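In case you want the letters, here they are:
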Amino acid sequence: MRLTIIGCGDAFGAGGRLQTSFHVRTGSSSVLIDCGTSTLIGMRRLGLDPAEIDAVFVSHLHGDHFGGLPWLLIDAEFVIKRTRPLLVFGPRGIEARFRTLAEAVYPAVTTGEGTFQFTFVEYEERAPVEIAGISVTPFEVHHPSGAPPYALRFALEGKVVAFTGDTGWVDALYDVARGNDLFITECFQYDVVMPIHLDYQTIDANYAKLGAKRVLLTHMSEAMLEKMGLVDGSRYLIAHDGMTLDL
Ligand SMILES: [Zn+2]
Ligand SMILES: [Zn+2]
């Protein structure tokens, strides 16, 4: 599988990075993990074809993680003229939140005939969902966003990759990260401990217990980006927009 970082920024445009979205291509399918507002722009920059996307897995209902869905919709309707359904997996209430957002930015976009269907599937705590050979297990974390937020653990092509989404420290992250070939963790702060975001010092204090082969830091704030020189390069990979990893 190939992971491409479309965007690894925070909600505030830190470092000029695009909002969160990761592209995963396996031998048989392509999916997105999160779809921040700038996702379609990032896909165009990288030559990633939205028509190939089979599913979108949304970690939580903040704009920098799901706000790009209306642009996937208008691209699918008016440019690609997509006919097959696009599956969107996300927290409880995602369809209503999406419709409110899409109708605010493009009135009537969700009410017409349409060329295709967005099909929404809601997560259930630690209940795996499966599509095109990819199994995804959601673990509830802590990040108030109007609906339960999740870390997502993916099993695909014999590899295990997980993403924390946005969250303060919760012990469920041990279950999320255990045995990962790649653990993608938000790292919003360097040493400021917040209830709703992770910081480098907390991640590093738990590094051995996480038990992941590789750890990739993402979703850095300006404050974290300024401290990048202090990151232990023997332990961590640091995400940048356009980065690819083959597993
Ligand atoms: Zn975020
Ligand atoms: Zn968030």
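Just so we're clear, the structure is a prediction, and the values are computed from it rather than from any experiment. (Residues numbered from 1 in each chain as written. Chains lettered and ligands numbered in written order. Predicted model: local features only at pLDDT ≥ 70, side-chain atom pairs only at ≥ 80, totals over all residues.)

K.L.:
Would you mind showing me how to read the overall build of the protein chain here?
P.N.:
From N to C terminus, the protein chain includes eight helices and 14 strands. Radius of gyration (C-alpha) of the protein chain: 17 Å, near the 18 Å computed for a compact globule of 247 residues. The principal-axis extents of the C-alpha atoms in the protein chain amount to approximately 55 × 35 × 30 Å. Burial status across the protein chain gives 45% buried among its 247 residues. (Helix = DSSP H or I, 4+ residues; strand = E, 2+ residues; numbered from the N terminus. Rg over C-alpha atoms; globule rule 2.2 N^0.38 Å. Buried ≥ 20, exposed ≤ 12 C-beta atoms within 10 Å, placed from the backbone.)

K.L.:
Would you mind going over helix α1 (residues 39-46) with me for this structure?
P.N.:
An α-helical turn contains 3.6 residues, so any two residues separated by three or four positions project in the same direction. Regarding α1, the residues found buried are T39, L40, G42 and M43. End-on, the buried residues of α1 take up no more than an arc of 160°, which puts them together on one face. For α1, the secondary structure elements touched by its buried residues are β1 (2-7), β2 (21-25) and α3 (69-80). Positive backbone phi, approximately 70°, marks G47, located one or two places after α1. (Arc of directions from axis to C-beta. Contact = placed C-beta atoms within 7 Å.)

K.L.:
Help me out: how do you make sense of the environment of H62 in this one?
P.N.:
Of note, H62 is situated in the loop between β4 (53-57) and α2 (63-66). Excluding residues that lie within four positions of it along the chain, H62 makes contacts with A11, S145 and D166.

K.L.:
Honestly, the nonpolar core in this entry has me stumped. Any pointers?
P.N.:
Nonpolar side chains tend toward joint burial in soluble globular proteins. Membership of the largest hydrophobic core comes to 65 residues, with the highest contact counts inside it found for V31, V56, F57, A151, L152 and A162. Apart from the residues lying within four places of it in its own chain, the contact partners of V31 are V24, I53, D54, A55, V56, F57 and I134. (Core = buried A, V, L, I, M, F, W, Y, C linked by C-beta atoms within 7 Å.)

K.L.:
What is the right way to look at unusual backbone geometry in this model?
P.N.:
Excluding glycine, residues mostly carry a negative phi; peptide bonds, for their part, are mostly trans. Positive phi values are uncommon outside glycine, yet D34 reaches one of about 65°. A positive phi angle, near 60°, is found at H219, a position not held by glycine. Summarising the element assignment, H219 is placed in the loop between β12 (215-218) and α8 (222-226).

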